[in-house]
Amino acid sequence: MTPSELGWALLRVAIVLGFLLGTLPLVIWFERRAIAWFQDRIGPNRLGPFGLFQPIADAVKLFFKEEIVPANADRFIWSLAPALSLFPALVAAATIPWGPNRLLTPVADVEIGILYFLAMSSLAAYGVLLAGWSSNNKYSLLGGLRASAQVISYELGMGLALATAIVASGSLRMTEMVAIQAEPLWGVVPFLHNWLVFTPWGLVGAALFFICMLAETNRAPFDLPEAESELVAGYQTEYSSMKFAAFFMGEYMAVLTISGIMTTCFLGGYLAPVNWSPLQSLAETGGGIFVPLATLTGALAPPFWFLLKVAALVFVFVWVRATLLRLRYDQLMNLGWRVLIPVGLMNLALLTVYLLYGWLPALVGYVLAIALYAIWAGERARRVERRQVILYAEARPYRRAESSPSSTPLSEGKGLPQEVLHG
Amino acid sequence: MAERLFFFLCALVAISTAVGMVASRNPVRSALLLVANFFCLAMLYFTLSAQFVGIIQIIVYAGAIMVLFLFVIMLLNLGSPEAQLQERELRRPLAWLLAIGLFLVLVSQVFLVVNAQPQPHGAAGTARMIGSAMFTQWSFPLLIVAVLLTVGVIGSILLARRRSA
């Protein structure tokens, strides 16, 4: 490696890390403001313009807080866990290309780019798992166990969704995946790009990937590891000060990185939505002043489109968090194993049908699959057994038979059994 | 020069984590040291330009299997293994014998390979080459492995069901 290569490599690392760490406060501020907006509140708006400096104040506050170590914690592992959750988040973005310039992005254009991301994201489970175990707190332990079970389950669905993208583009290298998507839409529409999400397999794959990426980053509605109503704060209950901040930063950086992966694999990466720029065509016909302008926009447009898509996905993250309720644990596991994985396998099979026999059999296959599913779901809905949910208070035979069933026991406290009142 | 330095660093960490994994009395720390060991092995694969094997090492062993191991250790809450060690005092000499024998076999293999001087093959480590080799030249062994894995999955489900039923 020559010194100039080393210099470029260091510059690429600096760009990615600088972007991740620099955007972090902005994302946190954006999430708080957007959640407030969804809930008809105002949100943090005091510090700086629109409350933009609020995350800095939060960081300063966390920095100066006392660090409390649980008495019976495994000290070493307890201190290691935040670092282990921060490390994958910092390095996982290394293979994402931001633009066509190979000197500036990505950090390493390796042949196994997408597998590298999968490897790093699978390491992210350790931080949460070890934090939960070493805190010596039952809520933390339950949070950690939930997190690890969830991440293992959803990695399979995510792998299948990414396999669709890999098979469709025929490469594991992320720059090549973007290059494949630069072709004309469906091979016929010249001014549009063939983003993977515009194909049936890409659409299904993107939907699967989106669900899995919510679960992988432990975000609502899959935020069971830190469900505050059940587990206080889950694995981070015992953490304070900068160690808590490390988990927080790790989560938001993972959100940014995984949005970048989804953008690259399914949403055309750094490609513009339309394969036509007015300045470019003016420069080609007229020349003059438009030539440097076209060069400038040509250099700036790809990162701009990439960041715009990432920002849109981050907004969807917040949107989903503000809209959907948290899943129950068995629902989460059912969704992962019995919905996402079969759908992913089916999608992959139909994609191979397309690659081997052309688009018509594949399309017929999709229509058949949807029709079969509709028939099956209709049959199941017809045969559904009406289950009666009996609340604990009603299940106990504490009332005499003559009391009217319409009066709810909770409305009149005197009818409740002792266990319910004091338990 | 830098490559050799990197190799020795990785080898040192790999060996020390392996020894620590066996020596540690705390099962969670043992598992963690094994994870670090797998990570170093992956780094060694990368230096041999076997990118695919290295990244699969991280995804499968460090990322999935060891998470499951840790999961089970934490669920069972094994604590310190001293009590279990007491009753196995007799097996120790046998274990030492086996370990030393295996170590000697490995070391002899290492010297044989060093004498043979194989040349590292740059392109052979890519996912494309491994895939085409696996699905053309070695497709029959691959199918056998697939059948074996399926049998294993069905067997584990059967065992779990029998216990719960």
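Residues numbered from 1 in each chain as written. Chains lettered and ligands numbered in written order. Predicted model: local features only at pLDDT ≥ 70, side-chain atom pairs only at ≥ 80, totals over all residues. Heavy atoms only, no water.

**Brief notes about the overall build of chain B**
What chain B contains, in helices and strands, is seven helices and zero strands. N-terminal to C-terminal, the α/β element order of chain B is α-α-α-α-α-α-α. Here chain B holds 165 residues, and the buried ones make up 21% of them. Relative to all contacts within chain B whose residues are 6 or more apart in sequence, the contacts with residues 24 or more apart total 56%. (Helix = DSSP H or I, 4+ residues; strand = E, 2+ residues; numbered from the N terminus. Buried < 20%, exposed > 50% of the residue type's maximum accessible area, 1.4 Å probe, protein only. Contact = heavy atoms within 4.5 Å.)

**Some details on the environment of A:A14**
Residues and elements named next belong to chain A. Looking at where A14 falls in the secondary structure, it is placed in helix α1 (residues 3–38). On the basis of relative accessible area, A14 is assigned to the partly exposed category, the value being 46%. Spatially, the C-alpha atom of A14 lies 22 Å from that of K309, the residues being 295 residues apart in sequence.

**Thoughts on the nonpolar core**
Residues A:L130, A:L162, A:F209, A:I261, A:C265 and A:F266 are the most contacted members of the largest nonpolar core, which totals 109 residues. In terms of residue count, the dominant contributor to this core is helix α4 (residues 113–134) of chain A (15 residues). If we skip the residues at most four places from it in the chain, A:L130 touches A:I77, A:A81, A:L84, B:V28, B:L32, B:L70 and B:M74. (Core = buried A, V, L, I, M, F, W, Y, C linked by side-chain atoms within 4.5 Å.)

**What about the environment of A:V13?**
Counting through the fold element by element, A:V13 comes out in helix α1. Under the relative-accessibility criterion, A:V13 is labelled partly exposed at 34%.

**Points about the interface of chain B and chain A**
It is common to give the size of an interface as the accessible area lost on bringing the parts into contact. Across the contact, 25 residues belong to chain B and 27 residues belong to chain A. Carbon and sulfur atoms make up 77% of the area that chain B and chain A hide from each other, which totals about 2200 Å². Ranking the residues of chain B by area buried against chain A places B:V67, B:F71 and B:M74 at the top, with a combined share of 25%. Seen at the junction of chain B and chain A, the total is zero salt bridges. At the surface where chain B touches chain A, the tally comes to two residue pairs in polar contact (both at pLDDT 80 or more). Sorting the residues of the side of chain B that touches chain A by element identifies α2 (27–47), α3 (51–76) and α6 (127–137) of chain B as the ones contributing at least two each. If you tally residues by element for the side of chain B that touches chain A, the top one is α3(B), at 15 residues. Across the side of chain B that touches chain A, the residue classes tally to 19 nonpolar, four polar and two charged. (Buried area = accessible area lost by both parts, 1.4 Å probe. Salt bridge = Lys/Arg side-chain N within 4 Å of Asp/Glu carboxyl O. Polar contact = N/O pair within 3.5 Å; in protein donor to acceptor, adjacent residues only side chain to side chain. Nonpolar A, V, L, I, M, F, W, Y, C, P; charged D, E, K, R; others polar.)

**With respect to the confidence of the model for chain B**
Residue and element names in this part refer to chain B. In the predicted model, chain B carries a mean pLDDT of 82, and the fraction of residues at 70 or more is 84%. No element of chain B has a lower mean pLDDT than helix α4 (residues 82–86), which averages 57, and none a higher one than helix α7 (residues 139–164), which averages 89. Model confidence for the complex is summarised by a pTM of 0.81, with the ipTM given as 0.79. (pLDDT = per-residue confidence, 0-100.)

**Describing the packing of aromatic side chains**
Residue and element names in this part refer to chain B. Tallied over the entire structure, the rule returns 20 aromatic pairs over all chains. Ring plane angle 70° and centroid distance 5.3 Å describe the contact between F7 and F8, whose orientation is recorded as edge-to-face. By relative accessible area, which is 52% here, F8 ends up exposed. (Phe/Tyr/Trp six-rings, centres within 6.5 Å; stacked < 30°, edge-to-face > 60°.)

**A closer look at the pattern of salt bridges**
Residues and elements named next belong to chain A. By the definition in use, this model includes eight salt bridges over all chains. Taking the shortest distance from any N to any O, the salt bridge between R321 and E31 comes out at 2.8 Å. Here E31 lies in helix α1 and R321 lies in helix α11 (residues 290–323), a separation of 290 residues in the sequence. Taking relative accessible area as the criterion, R321 reaches 38% and is therefore assigned partly exposed. For the salt bridge of E67 with K243, the shortest nitrogen-to-oxygen distance reads 2.7 Å.

**Considerations on the state of the cysteines**
Tallied over the full model, the rule gives zero disulfides over all chains. With no disulfide of its own, A:C212 lies 13 Å from the sulfur of A:C265, the closest cysteine sulfur. A:C212 sits in the buried class, given a relative accessible area of 0%. Lacking any disulfide linkage, B:C40 is separated from the closest cysteine sulfur, that of B:C10, by 5.3 Å. Here B:C40 falls in the buried class, since its relative accessible area comes to 9%. (Disulfide = S-S within 2.5 Å.)

**Quick word on helix α2 (residues 54–64) of chain A**
All names here are of chain A. When we look at burial in α2, the residues that qualify are Q54, P55 and L62. End-on, the buried residues of α2 take up no more than an arc of 95°, which puts them together on one face. Residues of α2 that are exposed and angled more than 90 degrees away from the buried face: F63 and F64. The elements touched by buried residues of α2 are α1 and α9 (241–266). (Arc of directions from axis to C-beta.)

**Structural notes on a nonpolar patch on the surface**
All names here are of chain A. A contiguous nonpolar surface patch, about 740 Å² in accessible area, is contributed by V167, Y354, L355, W359, L360, L363, V364 and L368. Sorting the residues of the nonpolar patch by element identifies α12 (329–357) and α13 (359–382) as the ones contributing at least two each. When residues of the nonpolar patch are assigned to their parent elements, the largest contribution, five residues, is made by α13. Along the chain, the position of V167 falls in helix α5 (residues 138–169). (Patch = residues over 30% accessible without salt bridge, like charges linked within 9 Å, V, L, I, M, F, W, Y side chains within 5 Å. Areas by Shrake-Rupley, 256 points an atom, 1.4 Å probe, with all protein chains shown as cover.)

**Focus on the packing of α4(A) against α9(A)**
All names here are of chain A. With their axes 12 Å apart at the nearest point, α4 and α9 run at an angle of 160° to one another. Between α4 and α9, the angle falls in the class roughly antiparallel. The chirality of how α4 crosses α9 is left-handed. On α9, the residues touching I114, F117, G127 and A131 of α4 are F247, T257, I258, I261 and C265. (Axes fitted to C-alpha atoms, helices over the stretch in contact; angles between N-to-C directions. Parallel < 35°, antiparallel > 145°, perpendicular 65-115°, else oblique. Left-handed = near helix turned anticlockwise from the far one by under 90°.)

**A short note on α9(A)**
Note that an α-helix has 3.6 residues per turn; residues three or four places apart therefore point the same way. Over its 26 residues, α9(A) runs 38 Å from end to end, which matches the ideal 38 Å to within 8%, given 1.5 Å per residue. Within α9(A), 21 of the 26 residues are buried, leaving the element largely enclosed by the surrounding structure. (Expected span 1.5 Å × (residues − 1).)

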